[in-house]
Number of protein chains: 2
Amino acid sequence: MNEPRSSTRLSIRHIRSFVAVARHRSLTRAAESLFVTQSALSLTIQHLEDDLGVLLFDRSTRRLDLTQAGEEFMPSAQRLLHDFDSSIRDMRALGNRERGKVGVAAVPSVMALLLPEVVAAYIEAFPDIDVYLREDNSEAVQQRIIEGDVDFGICSPWEPDAELIFEPLFEDSFGVVFAHHHPLATSADDLSWKEIDGYRIIGFSPDLGMQHQLSHTAGLSENVREPRYQVSNTSTIETLLTRGAGVSVMSALAAQRPPLDRLGLRLLTKPVLTRTVGIVRRKGKSLSPAASTMLQHILGTVAQLGRFPGVRILDNVAATSRGKT
Amino acid sequence: MNEPRSSTRLSIRHIRSFVAVARHRSLTRAAESLFVTQSALSLTIQHLEDDLGVLLFDRSTRRLDLTQAGEEFMPSAQRLLHDFDSSIRDMRALGNRERGKVGVAAVPSVMALLLPEVVAAYIEAFPDIDVYLREDNSEAVQQRIIEGDVDFGICSPWEPDAELIFEPLFEDSFGVVFAHHHPLATSADDLSWKEIDGYRIIGFSPDLGMQHQLSHTAGLSENVREPRYQVSNTSTIETLLTRGAGVSVMSALAAQRPPLDRLGLRLLTKPVLTRTVGIVRRKGKSLSPAASTMLQHILGTVAQLGRFPGVRILDNVAATSRGKT
DNA sequence: GCTTATTACGTCAATCGTAAATATC
DNA sequence: GATATTTACGATTGACGTAATAAGC
């Protein structure tokens, strides 16, 4: 006359044992398949029967068969076991980075200069993880992070937000790019901003972060801040420069990646103008395993950017990830 | 780099804990609802996260939120928990006789004389258990049991079968039934079979067990073994006897139950002819909880049959049931 | 300072394995 | 008498609670 409320004592172990015995129709063989002794399994089945108040098996030394109640329990038990195991398996697969998805939002320059090779390496390492990339300006990138649209973003700091944290990756300085037959190609030394005033400037459209920054930096000459020629992609720039249409001011990183890496570059100093690029993610929100490994790949790739003149890697590129492994 | 094969360590307890924490969004409150301490729950969650290799919650002292992985796990976990609990609950309901079904096959006399009041009491005690009754001759009753059509049967032993076991309930002897205005009504003493030879016998049709037995008993007079008047139900008999059409030979039990109990009865001895009635069920096959309680009710009712003259209760009416309670 | 989660550790119960007993064929 | 299940019992493991520690507000 006891009144057991909820099954605290019963666990998946009992279900697993029941199903094994029902399948093997033998305690001995079921015990082998479960890697326990017959006695342990016998007790487990007895406990299950006690708790349910129902005899599950009719057993003699020679025969073991399901009772009517056991037959009735079998389908639920099998389904329970299967669902449990596959749920656990799914979650573990997620933990082992064998499954999952990661979304990254980035500003155009990063999307073009950094992410292609990161993602290429990533999908090779984790072919079963879906990768979503979103290209946006810094403001929209931050918005996507806040809304949970992506796991993290890569951009320049735009407006501080209480919900977000910014972790710098590298600083990119500016330089001038020109064709090899251009007069500037006679030297590789750094230039001052004054020295390029006389050349025709081919600029980027202002929705690109680096052009935006140039436009808002006091002290630069008008044709750098508001160039009369504005294009929006690097291959167009490359064509124009190669034909001698002018020179272009851009970040050192952009200048040294295809297709512009075949042109000449001289860094602009006096003053050194830098543009910080970093990771933005939600405060207090840990990264998913997939996102965590993606971040690791990004950090690894960024670390190799230090070889480019004008690009300075910031030194907090070690302890940025969370999660396991 | 460990390789956990199947989730042996993880149990429903972990799932239950996870769901509770996710719902309460607090270890403390979840722990209360689970009637454990925070520390125990904290460890449980950690073990779950360790085994899955995935962080399930982002927790600081002030906030606790599901990670992306946790969000993803939540639906499966809830379903797992619900399915587990309801499966267990179902089985326990079966064990508590709150659910189930029981099928009984019986020969006509038992079906008419014994089962009505047994079943009436049974459905009052267990209103949610379905009861199936099947009326058949002894041979067919045995067949139904072998085929698993019913849980057990009640009949006279027909042919021994290796698959079946027979447990006697009571012995029924024979008597002669007559109207109160009949000459036999002048005494209540036992009669010898010889003494009724002169009366016109109203018999039962031979498909009834007791008539069958009379027909195959050597030494009885012809008009008892093969009566010229054969009817198949007791109410017809009662009408005929009341009108003085004759007398009827039948089992003492049948004679003392409605509608024949208002007529006269004298037992036939010299010799005493008995008819054993008992339970037939499959060897080595335990009864379902519902069937077990049904059997208990039958035994209880049978025990009260002892008050009828000519009915002798056999003494193995105590330790016949299996299962709990 | 108050609340909440984690860590440390002793206790207790559940599970398991070895081995003996029991039952069935 | 051989095979399979159950029972008995000691050992190991795991879960729990108390209490101390750490971390956010």
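In the nomenclature of an unreviewed UniProt entry, chain A is known as LysR family transcriptional regulator of Paraburkholderia solitsugae. Of chain A, the UniProt comment under Sequence similarities (unreviewed entry) reads exactly: "Belongs to the LysR transcriptional regulatory family."

## Some remarks on the pairing of strand β12 (residues 274-282) of chain B
Residue and element names in this part refer to chain B. Pairing of strand β5 (residues 152-155) with β12 involves 3 bridges; the strand directions are antiparallel. Residue C155 lies in a different strand from β12, and its bridge partner there is G278. For strand β6 (residues 164-178) and β12, the ladder comprises 9 bridges, and the chain directions are antiparallel. Opposite S173, over in β12, you have T274 as the bridge partner.

## A look at the protein's contact with DNA strand D
The full set close to DNA strand D counts 23 residues, and T28, R59 and T61 of chain A together with R13 and T61 of chain B are the nearest of them. A distance of 2.8 Å separates a phosphate oxygen of DNA strand D from a polar backbone atom of L27 of chain A. The side chain of Q46 of chain A places a nitrogen or oxygen atom 3.2 Å from a phosphate oxygen of DNA strand D. Among the residues forming the surface near DNA strand D, the class breakdown is 6 nonpolar, 13 polar and 4 charged.

## Focus on the nonpolar core
Soluble globular proteins: nonpolar side chains tend toward being buried together. F152, I154 and I298 of chain A are the most contacted members of the largest nonpolar core, which totals 68 residues. Looking at which domains feed residues into this core, each of domain 2 (101-169 + 277-324) and domain 3 (171-274) of chain A gives three or more. Leaving out residues up to four positions away in the same chain, I298 of chain A has contacts with L114, L115, V118, F152, I154 and L169 of chain A. If you look at the next biggest cluster of nonpolar residues, it comprises 66 residues, including L114, I202, V249 and V277 of chain B.

## Comments concerning the side chain of R266 of chain B
When you line up the elements, R266 of chain B lands in strand β11 (residues 264-269). Those residues in contact with R266 of chain B that lie beyond four places of it in its chain are G175, V176, F178, L184, S187, A188, D189, D190 and L191 of chain B.

## With respect to the packing of helix α4 (residues 68-95) of chain A against helix α4 (residues 68-95) of chain B
Relative to each other, α4 of chain A and α4 of chain B sit at 165°, their axes nearing to 10 Å. Compared by their axis directions, α4 of chain A and α4 of chain B come out roughly antiparallel. Taken as a pair, α4 of chain A and α4 of chain B cross one another with a handedness that is left-handed. On α4 of chain B, the residues that touch A69, E72, F73, S76, R79, L80, D83, F84, S87, I88, M91 and L94 of chain A of α4 of chain A are A69, E72, F73, S76, R79, L80, D83, F84, S87, I88, M91 and L94 of chain B. In terms of residue class, the contact of α4 of chain A with α4 of chain B is made up of 14 nonpolar, 4 polar and 6 charged.

## A few points about the interface of chain B and chain A
At the interface, 45 residues of chain B touch 45 residues of chain A. Regarding the contact of chain B and chain A, the summed buried area is about 3900 Å², with carbon and sulfur atoms giving 55% of it. Of all residues in chain B, Q68, M91 and R92 of chain B give up the largest surface area on contact with chain A, accounting jointly for 17% of the area buried on that side. At the boundary of chain B with chain A, the tally comes to 5 salt bridges. One salt bridge connects R79 of chain B with D83 of chain A, and the closest N-O pair in it is separated by 3.1 Å. Linking chain B with chain A are 5 residue pairs in polar contact (both at pLDDT 80 or more). Secondary structure elements with two or more residues in the side of chain B that touches chain A: α1 (12-24), α3 (38-52) and α4 of chain B. Ranked by the residues each element gives to the side of chain B that touches chain A, the list is headed by α4 of chain B, at 16 residues. Looking at the side of chain B that touches chain A residue by residue, the class counts come to 16 nonpolar, 12 polar and 17 charged.

## Observations concerning the protein's contact with DNA strand C
Close contacts around DNA strand C come from 24 residues, with R13, T37 and T61 of chain A together with T28 and R59 of chain B the closest. Across the atoms of DNA strand C situated within 4 Å of the protein, the share located in sugar and phosphate is 76%. R13 of chain A places a polar side-chain atom, nitrogen or oxygen, 2.5 Å from a phosphate oxygen of DNA strand C. One of the side-chain nitrogen or oxygen atoms of Q46 of chain B is found 3.2 Å away from a phosphate oxygen of DNA strand C. Elements that contribute at least two residues to the surface near DNA strand C include exactly α1 (12-24) and α3 (38-52) of chain A together with α2 (27-34) and α3 of chain B. Looking at the surface near DNA strand C residue by residue, the classes come out as 6 nonpolar, 14 polar and 4 charged.

Definitions and limits used
- Residues numbered from 1 in each chain as written.
- Chains lettered and ligands numbered in written order.
- Predicted model: local features only at pLDDT ≥ 70, side-chain atom pairs only at ≥ 80, totals over all residues.
- Heavy atoms only, no water.
- UniProt positions renumbered as here; feature names shortened; annotations may be inferred.
- Pairing = 2+ DSSP bridges.
- Helix = DSSP H or I, 4+ residues; strand = E, 2+ residues; numbered from the N terminus.
- Near = heavy atom within 4 Å.
- Polar contact = N/O pair within 3.5 Å; in protein donor to acceptor, adjacent residues only side chain to side chain.
- Nonpolar A, V, L, I, M, F, W, Y, C, P; charged D, E, K, R; others polar.
- Core = buried A, V, L, I, M, F, W, Y, C linked by side-chain atoms within 4.5 Å.
- Buried < 20%, exposed > 50% of the residue type's maximum accessible area, 1.4 Å probe, protein only.
- Domains from an automatic or database assignment.
- Contact = heavy atoms within 4.5 Å.
- Axes fitted to C-alpha atoms, helices over the stretch in contact; angles between N-to-C directions.
- Parallel < 35°, antiparallel > 145°, perpendicular 65-115°, else oblique.
- Left-handed = near helix turned anticlockwise from the far one by under 90°.
- Buried area = accessible area lost by both parts, 1.4 Å probe.
- Salt bridge = Lys/Arg side-chain N within 4 Å of Asp/Glu carboxyl O.

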